[in-house]
Amino acid sequence: MNNVSTFNQYQQPYHVYAVGKWNTQFSVYTLIDADDKYFTVKANSNNAIKKGDVYVPSN
């Protein structure tokens, strides 16, 4: 997944607000940035990521 342009629009740190499953391979994360703005990204599923975690984008 390439969410670079999305992440460039928001200030770090990103906190996980919600996790949804797209299918078995992908998750949809609703994140909150440092300015309390909500946004979503689609990424490879990672069962370790939970609500409230700090989200670190992978390259």
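The structure under discussion appears in the preceding block.
What counts, and at which threshold
- Residues numbered from 1 in each chain as written.
- Predicted model: local features only at pLDDT ≥ 70, side-chain atom pairs only at ≥ 80, totals over all residues.
- Heavy atoms only, no water.
- Helix = DSSP H or I, 4+ residues; strand = E, 2+ residues; numbered from the N terminus.
- Pairing = 2+ DSSP bridges.
- Phe/Tyr/Trp six-rings, centres within 6.5 Å; stacked < 30°, edge-to-face > 60°.
- Buried < 20%, exposed > 50% of the residue type's maximum accessible area, 1.4 Å probe, protein only.
- Core = buried A, V, L, I, M, F, W, Y, C linked by side-chain atoms within 4.5 Å.

### So, unusual backbone geometry
In step 1: Each neighbour pair has its own omega, and for Gln12 with Pro13 the value is 0°, a cis peptide bond.
In step 2: Structurally, Pro13 is set in the loop between helix H1 (4-7) and strand E1 (14-21).
In step 3: The residue Asp36 is not glycine, and still its phi comes out positive at about 60°.
In step 4: Position of Asp36 among the secondary structure elements: in the loop between strand E2 (26-32) and strand E3 (38-44).

### What about the pairing of E3?
In step 1: As defined by bridge partners, E2 adjoins E3 across seven bridges and the pair is classed as antiparallel. For Ser27, the partnering residue across the bridge sits in E3 and is Ala43.
In step 2: The hairpin formed by E2 and E3 contains five residues between the paired strands, and Asp36 there has a positive phi angle of roughly 60°.

### Things to note about the packing of aromatic side chains
In step 1: Under the defined criterion, the tally for this structure stands at seven aromatic pairs.
In step 2: Note on Tyr10 and Phe39: the rings are 4.0 Å apart at their centroids and 10° apart in plane angle, and the pair reads as stacked. Of this pair, Tyr10 sits in the loop between H1 and E1 while Phe39 sits in strand E3, and the two are 29 residues apart along the sequence. In this structure, Tyr10 and Phe39 share a single accessibility class: buried.
In step 3: Note on Tyr14 and Phe39: the rings are 5.6 Å apart at their centroids and 80° apart in plane angle, and the pair reads as edge-to-face.

### Observations concerning the nonpolar core
If you look at soluble globular proteins, the nonpolar side chains tend to sit buried side by side.
In step 1: Counting residues in each nonpolar core, the largest one holds eleven residues, listed as Phe7, Tyr10, Tyr14, Val16, Tyr29, Leu31, Phe39, Val41, Ala43, Ile49 and Tyr55.
In step 2: Listed by contribution, the elements that provide at least two residues to this core are E1, E2 and E3.
In step 3: Ranked by residues supplied to this core, first place goes to E3 with three residues.

Taken by themselves, the reported measurements are silent on function.
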